[in-house]
Amino acid sequence: DAGVTQSPTHLIKTRGQQVTLRCSPKSGHDTVSWYQQALGQGPQFIFQYYEEEERQRGNFPDRFSGHQFPNYSSELNVNALLLGDSALYLCASSPTGANYGYTFGSGTRLTVV
Amino acid sequence: GENVEQHPSTLSVQEGDSAVIKCTYSDSASNYFPWYKQELGKGPQLIIDIRSNVGEKKDQRIAVTLNKTAKHFSLHITETQPEDSAVYFCAASTPASGGSYIPTFGRGTSLIVHP
C-alpha cells in the first residue's frame, strides 16, 4: 500500500518564478494538508483541502494557493517566489472527520536562488 | 491560535540511557497529541499518540504522558539505541471548523544516541 507520494523531490527556482508541487494521498485518505518546514524548524501549516475545497488556511500569503482533484490528489502553487520560500514542503493525508495522526510524504525540497 | 513549545532543542545520550522530551501547549481545546520522528531526508513519521482522556500510553520502549491541567505532555524513550537518533516533533491537534483537525507542531528535538 503506497503511502503519500510527492513530486518532485528537489527543485531549484529563481526569485519571481512560479512553482507547482504535487501530492498523492495515502489510499483511503481524502483530506490533504500542506506544511512548510524551514531548516531546523517544525512544520508550519499552510492549508488543508477536502472535497476539492480549501477547508482551513494557516498564516500564509495569497501567493500560496492549492487545488485538490476528484481523485484526492493535490497541488501546491507558489507565485512570485521569494528567497524565504526556500524550505521543505510536506504533504500529509488523513481520513476525513477523524482526529488521527497524519501520514506525511517525504517532501519536496524547494530552493529559491 | 495554538502555540506549542518543545524542549530541549538538542538531546545527546549514551546508548541504553533514557531520553525525555517535553512539550507545552496553550489551547485547552486541543484534544489529540501525536509525536513524530523525522529521519534525514524523510517526512515525519507518527510514532505514538495520546488523547486528552488518557494520562499515559506505552508502546514497547516509548511512552507518552499528558497533564491536561498543566497543559504539558512528554515523550519518554527507554533503552535508547543508535537508530533512535532523529528529530522528534510533538504536536497538539485542535478541532477546527467543518469537522477538521489541525495539528500545530513544536520546533523539534534533535536526539543523538552515542554508541
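Rules behind the numbers
- Residues numbered from 1 in each chain as written.
- Chains lettered and ligands numbered in written order.
- Predicted model: local features only at pLDDT ≥ 70, side-chain atom pairs only at ≥ 80, totals over all residues.
- Heavy atoms only, no water.
- Helix = DSSP H or I, 4+ residues; strand = E, 2+ residues; numbered from the N terminus.
- Rg over C-alpha atoms; globule rule 2.2 N^0.38 Å.
- Buried < 20%, exposed > 50% of the residue type's maximum accessible area, 1.4 Å probe, protein only.
- Contact = heavy atoms within 4.5 Å.
- Areas by Shrake-Rupley, 256 points an atom, 1.4 Å probe, with all protein chains shown as cover.
- Polar contact = N/O pair within 3.5 Å; in protein donor to acceptor, adjacent residues only side chain to side chain.
- Buried area = accessible area lost by both parts, 1.4 Å probe.
- Salt bridge = Lys/Arg side-chain N within 4 Å of Asp/Glu carboxyl O.
- Nonpolar A, V, L, I, M, F, W, Y, C, P; charged D, E, K, R; others polar.
- Pairing = 2+ DSSP bridges.
- Axes fitted to C-alpha atoms, helices over the stretch in contact; angles between N-to-C directions.
- Core = buried A, V, L, I, M, F, W, Y, C linked by side-chain atoms within 4.5 Å.

1. Brief notes about the overall build of chain A
No. 1: The number of helices and strands found in chain A is 0 helices and 11 strands.
No. 2: Each helix (α) and strand (β) of chain A, taken in turn from the N terminus, gives the series β-β-β-β-β-β-β-β-β-β-β.
No. 3: The C-alpha radius of gyration of chain A comes to 13 Å, within 12% of the 13 Å expected for a compact globule of 113 residues.
No. 4: In terms of its C-alpha atoms, chain A occupies a principal-axis envelope of roughly 40 × 25 × 25 Å.
No. 5: Relative to its 113 residues, chain A shows a buried fraction of 49%.
No. 6: When contacts within chain A are restricted to residue pairs at least 6 apart in sequence, those whose partners lie at least 24 apart make up 53%.
No. 7: With an accessible surface of roughly 5200 Å², chain A has 48% of that area assigned to carbon and sulfur atoms.

2. Overview of the side chain of B:Asp49
Residue and element names in this part refer to chain B.
No. 1: In this fold, aspartate 49 is placed in strand S5 (residues 45–51).
No. 2: Aspartate 49 sits in the buried class, given a relative accessible area of 15%.
No. 3: In this structure the side chain of aspartate 49 is engaged in a polar contact, spanning 2.7 Å, whose partner is the side chain of tyrosine 32.
No. 4: A polar atom in the side chain of aspartate 49 sits 2.7 Å from the side chain of lysine 57.
No. 5: Once residues lying within four places of it in the same chain are set aside, the contact partners of aspartate 49 are Tyr32, Phe33, Pro34, Lys57 and Val64.

3. Here's the deal with the interface of chain A and chain B
No. 1: The interface of chain A with chain B comprises 21 residues on the first partner and 23 residues on the second.
No. 2: Where chain A abuts chain B, roughly 1700 Å² becomes buried across the two surfaces, and 49% of that area is made up of carbon and sulfur atoms.
No. 3: Taken together, the connections running from chain A to chain B amount to 0 salt bridges.
No. 4: Taken together, the connections running from chain A to chain B amount to 6 residue pairs in polar contact (both at pLDDT 80 or more).
No. 5: Going through the elements one at a time, strand S4 (31–37), strand S5 (44–50), strand S6 (53–57) and strand S9 (87–94) of chain A are the ones with two or more residues in the side of chain A that touches chain B.
No. 6: Broken down by class, the residue content of the side of chain A that touches chain B amounts to 9 nonpolar, 11 polar and 1 charged.

4. A word on the pattern of salt bridges
Residues and elements named next belong to chain B.
No. 1: Evaluation of the coordinates by the stated rule reveals 7 salt bridges over all chains.
No. 2: One salt bridge in this structure joins lysine 42 and glutamate 39, with 3.6 Å as the shortest N-O distance.
No. 3: The exposure class assigned to lysine 42 is partly exposed, which follows from its relative accessible area of 46%.
No. 4: Between aspartate 84 and arginine 61 there is a salt bridge, with the nearest N and O atoms lying 2.9 Å from each other.

5. Digging into the sheet that holds strand S1 (residues 4–7) of chain B
Residue and element names in this part refer to chain B.
No. 1: Read from one edge of the open sheet, 5 strands run S1-S3-S8-S7-S6, paired in antiparallel fashion. Looking along the sheet, the strands with just one partner apiece sit at the ends: S1 and strand S6 (56–59). Strand-to-strand twist across the sheet, computed as the mean angle between neighbouring axes with direction ignored, equals 15°.

6. Re the pairing of strand S8 (residues 72–77) of chain B
Residues and elements named next belong to chain B.
No. 1: The pairing of strand S3 (residues 19–25) with S8 spans 6 bridges and is classified as antiparallel. By the bridge assignment, lysine 22 is partnered in S8 with serine 74.
No. 2: In this structure, strand S7 (residues 62–67) lies alongside S8, joined through 6 bridges in antiparallel fashion. The residue of S8 that forms the bridge with threonine 65 is serine 74.
No. 3: Linkage of S7 to S8, two consecutive antiparallel strands, is achieved through a turn of 4 residues, within which lysine 71 is found at a positive phi near 55°.

7. Description of the nonpolar core
No. 1: Counting 23 residues, the largest nonpolar core has B:Trp35, B:Phe73, B:Leu75 and B:Leu111 as the members making the most contacts within it.
No. 2: Sorting the residues of this core by element identifies strand S2 (10–14), S3, strand S4 (32–38), S5, S7, S8, strand S9 (86–95) and strand S11 (109–114) of chain B as the ones contributing at least two each.
No. 3: Non-local contacts of B:Phe73, meaning those with residues more than four positions away in its chain, are made with B:Ile21, B:Lys22, B:Cys23, B:Tyr25, B:Phe33, B:Trp35, B:Thr65, B:Leu66, B:Cys90 and B:Ala91.
No. 4: Counting residues in each nonpolar core, the second largest holds 19 residues, with A:Val4, A:Leu21, A:Phe60 and A:Leu81 among its members.

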